[in-house]
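Report on the structure
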Amino acid sequence: MRCCVCLFQQSLQCSPSKMAAGESNSRSSCLNLSNSGPLGNAPPSNSAHSSPASNGGSMGAVGGINRSAGNSNPQSGPENGGGAETAVRSTPSAQNPSRQSVGQSGATSGAASNMTATSSSSSSSSASTASADASAAVPSLPSSPASVLVYREPVYNWQATKSTVKERFAFLFNNEVLSDVHFLVGKGMGVQRIPAHRFLYSDEVQIGPETVMTTLYTAKKYAVPALEAHCVEFLKKNLRADNAFMLLTQARLFDEPQLASLCLENIDKNTADALAAEGFTDIDLDTLVAVLERDTLGVREVRLFGAAVRWADAEAQRQQLQPTPENKRRVLGKALSLIRFPLMTIEEFAAGPAQSGILTDREVVSLFLHFTVNPKPHVEFIDRPRCCLRGKECSITRFSQVESRWGYSGTSDRIRFSVNRRIFVVGFGLYGSIHGPTDYQVNIQIIHTDSNTVLGQNDTGFSCDGTASTFRVMFKEPVEILPSVNYIACATLKGPDSHYGTKGMRKVTHEAPATGTKTCFTFCYAAGNNNGTSVEDGQIPEVIFYT
């Protein structure tokens, strides 16, 4: 890779000061640096046949003829005996180094680098005339192709007009000067030839949605951390639910863990919108698996299944497979086992996954049994609820003592409660059997007291070990609890007599260790059938929540 320092060193070798010193070797290497055009380091002049004044006593173009014999004025034209030198300069040395004669002076090469030759009949006659006028001073000059001398006014000694390196780099951008590579952009008649240099012009970055990923790729490839940081920062600022999956795929590809983490957080908070975005079906299988493994997705499982089926349709097409149920299962691979079918309601499962053909008959029967019979059979799919909440799980216990023998006859244990701040309840802790290890079937609910609306529920089971500990029973989704609103916690157990709590507290406060934030629960008696549970005694000793 060519660095900018090397380029500037080469260009300095072509400067007028070094030409004056007669460093012909430096000038030759500089002229051959690029085939794209002249370097433009000759001194300014209003004459089309000018040469550096300091070279007035140098040798002529051919055969070592002394210029002072035929041209005492280095600024003179053909009429003053300078025709030989003019004829040599009409051929750009940078483009035709093979046509330069062995004795060509540094001044001639320097002037040639400031001109561009193009073929035309008029230039041919001018070159012939110049050669004829110079015959007295230089015998038999070698023939050269017809050419026209063209100045590039802004190019000569361009570095002297720039006060900073930044300005010099900016001048080189999209410029033929010192260009060592060209890009052909477009097709057919619309192709454009764009000059470039193999170094960065400046640290000013202009990034847009259409260029950010290719720029990030380039920054990674050529190890430019500052440019990489600019790209990542741009992506962070423009991260939305509708592009989160696309950016997640790119972040994993380019090994950007911080960006990947932000994408996953966005997907957690906006799961439904992210799944509905067009870019979701374009992700790779590993990215799909990484998302489905998360416990923090905020969407019902039946919608996750629907999104996975959409992705499988697209992936089958990418693999040139027919979108049959068998092929969908094949392309989903491990991702299918990460769908938590047991968290669906029996209605959701029957209307969707059971009829999709993606699950085997054995899997469908096993899941239906899980939904309908007790004790529930083992299933091959995860039944752990997802929690779309961040932070640390909290819990409060409302009893200070545990006693034995609390019976069940089909009546629900109920207790009314309210809180002082917004929280999300994710489950209850319940007491288990006094007769040793036992399985219980249980239905848990949270009911809005005023409207009698069931806000969350789960029909599940739990196993206890015969101790007086509490055993976790979780909701399928977090239940939002608003401050100063009355709710009823309800649990209907089926099983043998259990432990129960006593010496209950009407108010229980939880204080977050890190922040000191206090969440205050107030418990009250729930009117109606409650199986004897009250503020002082009963079941539902523990509430599990997030703030």
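Residues numbered from 1 in each chain as written. Predicted model: local features only at pLDDT ≥ 70, side-chain atom pairs only at ≥ 80, totals over all residues. Heavy atoms only, no water.

An unreviewed UniProt entry annotates the protein chain as BACK domain-containing protein of Culter alburnus.

**Overview of the overall build of the protein chain**
The number of helices and strands found in the protein chain is 20 helices and 16 strands. Within the protein chain, the proportion of its 547 residues that are buried is 45%. Within the protein chain, residue pairs in contact and separated by at least 24 positions form 73% of the contacts whose partners lie at least 6 positions apart. With the model as given, the accessible surface of the protein chain reaches about 27,100 Å², and the carbon-plus-sulfur share is 51%. (Helix = DSSP H or I, 4+ residues; strand = E, 2+ residues; numbered from the N terminus. Buried < 20%, exposed > 50% of the residue type's maximum accessible area, 1.4 Å probe, protein only. Contact = heavy atoms within 4.5 Å. Areas by Shrake-Rupley, 256 points an atom, 1.4 Å probe, with all protein chains shown as cover.)

**Quick look at the packing of aromatic side chains**
Within this structure, the stated rule accounts for 16 aromatic pairs. With centroids separated by 6.2 Å and ring planes inclined at 20°, the aromatic side chains of Phe462 and Phe471 adopt a geometry described as stacked. Accessibility classification places Phe462 together with Phe471 in one group, the buried group. Plain terms: the ring middles of Phe521 and Phe523 are 6.1 Å apart, the flat faces sit at 10° to each other, and that makes the pair stacked. (Phe/Tyr/Trp six-rings, centres within 6.5 Å; stacked < 30°, edge-to-face > 60°.)

**Side note on the sheet that holds strand S16 (residues 542-546)**
With antiparallel pairing, the four strands of this open sheet are ordered in space as S5-S16-S8-S11. The sheet is open, and its two edges are formed by strand S5 (394-397) and strand S11 (470-481), each paired on a single side. Direction aside, the axes of adjacent strands within the sheet are offset by 25° on average. Note that strand S8 (residues 423-431) and S11 share eight bridges and pair antiparallel. Directly across from Gly429, in S11, lies its bridge partner Arg472. (Pairing = 2+ DSSP bridges. Axes fitted to C-alpha atoms, helices over the stretch in contact; angles between N-to-C directions.)

**Here's the deal with the pattern of salt bridges**
Tallying each qualifying case throughout the model produces 16 salt bridges. The closest approach of N and O atoms between Glu176 and Arg193, which form a salt bridge, is 3.5 Å. Residue Glu176 is located in the loop between helix H8 (165-172) and strand S3 (181-185), and its partner Arg193 is located in strand S4 (residues 192-196); the two are separated by 17 residues in the primary sequence. We note a salt bridge from Glu293 to Lys334, for which the minimum N-O separation is 3.3 Å. Placement of the pair is Glu293 in the loop between helix H14 (285-292) and helix H15 (301-318) and Lys334 in helix H17 (residues 334-337), with a sequence separation of 41 residues. What makes Glu293 partly exposed here is its relative accessible area of 40%. Salt bridges sharing common partners tie together Lys220, Glu228 and Glu256. (Salt bridge = Lys/Arg side-chain N within 4 Å of Asp/Glu carboxyl O.)

**Regarding H15**
Between its first and last C-alpha atoms H15 spans 26 Å; for 18 residues at 1.5 Å apiece the expected length is 26 Å, and the two agree. Buried within H15 are the following residues: Glu301, Leu304, Phe305, Ala307, Ala308, Val309, Trp311, Ala312, Ala314, Glu315 and Ala316. In this structure, the buried side of H15 is in contact with helix H13 (271-276), H14, helix H16 (325-332) and helix H19 (353-356). Following H15 by one or two positions, Gln320 has its phi on the positive side, about 60°. (Expected span 1.5 Å × (residues − 1).)

**What to know about the sheet that holds strand S9 (residues 437-448)**
Strand order in the open sheet made by the six strands is S10-S9-S12-S7-S15-S14, with antiparallel pairing throughout. In this open sheet, the two strands that pair with only one neighbour each are strand S10 (453-465) and strand S14 (507-511). Strand-to-strand twist in this sheet, taken as the mean axis angle between neighbours without regard to direction, amounts to 25°. Judged from the five bridges that link them, strand S7 (residues 413-419) and strand S12 (residues 487-494) form a sheet pairing that is antiparallel. Following the sheet pairing, Arg416 is matched in S12 by Ile488.

**A short note on helix H20 (residues 361-372)**
An ideal rise of 1.5 Å per residue puts 16 Å on twelve residues; H20 measures up with 17 Å between its terminal C-alpha atoms. Residues of H20 that are buried include every one of Glu363, Val364, Ser366, Leu367, His370 and Phe371, and no others. Buried residues along H20 cover an arc of 165° about the axis, so they all sit on one side. Set apart from the buried face of H20 by more than 90 degrees, the exposed residues are Asp361 and Arg362. In this fold, the buried residues of H20 make contact with H16, helix H18 (346-351) and H19. (Arc of directions from axis to C-beta.)

**Brief notes about the side chain of Thr271**
Examined against the element boundaries, Thr271 turns out to sit in helix H13. A residue is classified by how much of its surface remains accessible, and Thr271, at 1% relative accessible area, is buried. Ignoring any residue separated from it by four or fewer positions in sequence, one finds Thr271 in contact with Leu297, Gly298 and Val299.

**Description of the pairing of S8**
Burial runs high along S8: nine of the nine residues are buried. Bridge count between S8 and S16: five bridges; the pairing is antiparallel. When the sheet's bridge partners are listed, Gly429 is paired in S16 with Glu542.

**Section: the confidence of the model for the protein chain**
When pLDDT is averaged across the protein chain, the result is 75; 70% of the residues are at 70 or more. Taken as a whole, residues 1-153 scores under 50 in pLDDT and shows 212 contacts with residues more than four places along the chain or in a different chain. (pLDDT = per-residue confidence, 0-100.)

**Looking at unusual backbone geometry**
Unlike most non-glycine residues, Asn174 shows phi in positive territory, near 60°. Among the structural elements, Asn174 can be located in the loop between H8 and S3. One non-glycine residue, Lys503, lies in the positive phi region at around 55°. Take Lys503: it is sitting in strand S13 (residues 498-504). Residue class for Lys503 comes out exposed when judged on its relative accessible area of 52%.

**A word on the packing of H15 against H16**
The axes of two packed helices give the description: the angle between them and the distance between them. Viewed as axis vectors pointing N to C, H15 and H16 meet at an angle of 95°, and their least axial separation amounts to 9 Å. Between H15 and H16, the crossing angle belongs to the class labelled roughly perpendicular. Residues Ala308, Val309, Trp311, Ala312, Asp313, Glu315 and Ala316 of H15 form the contact with H16, whose participating residues are Lys328, Val331 and Leu332. (Parallel < 35°, antiparallel > 145°, perpendicular 65-115°, else oblique.)

**Focus on the environment of Lys162**
Considering the arrangement of structural elements, one finds Lys162 in the loop between strand S2 (150-151) and H8. The partly exposed category is assigned to Lys162, whose relative accessible area is 22%. Dropping the residues within four chain positions of it, Lys162 is found in contact with Glu167, Arg168 and Phe171.

**Considering the side chain of Glu228**
Examined against the element boundaries, Glu228 turns out to sit in helix H10 (residues 225-237). Setting aside chain neighbours within four positions, we find Glu228 in contact with Leu216, Ala219, Lys220 and Glu256.

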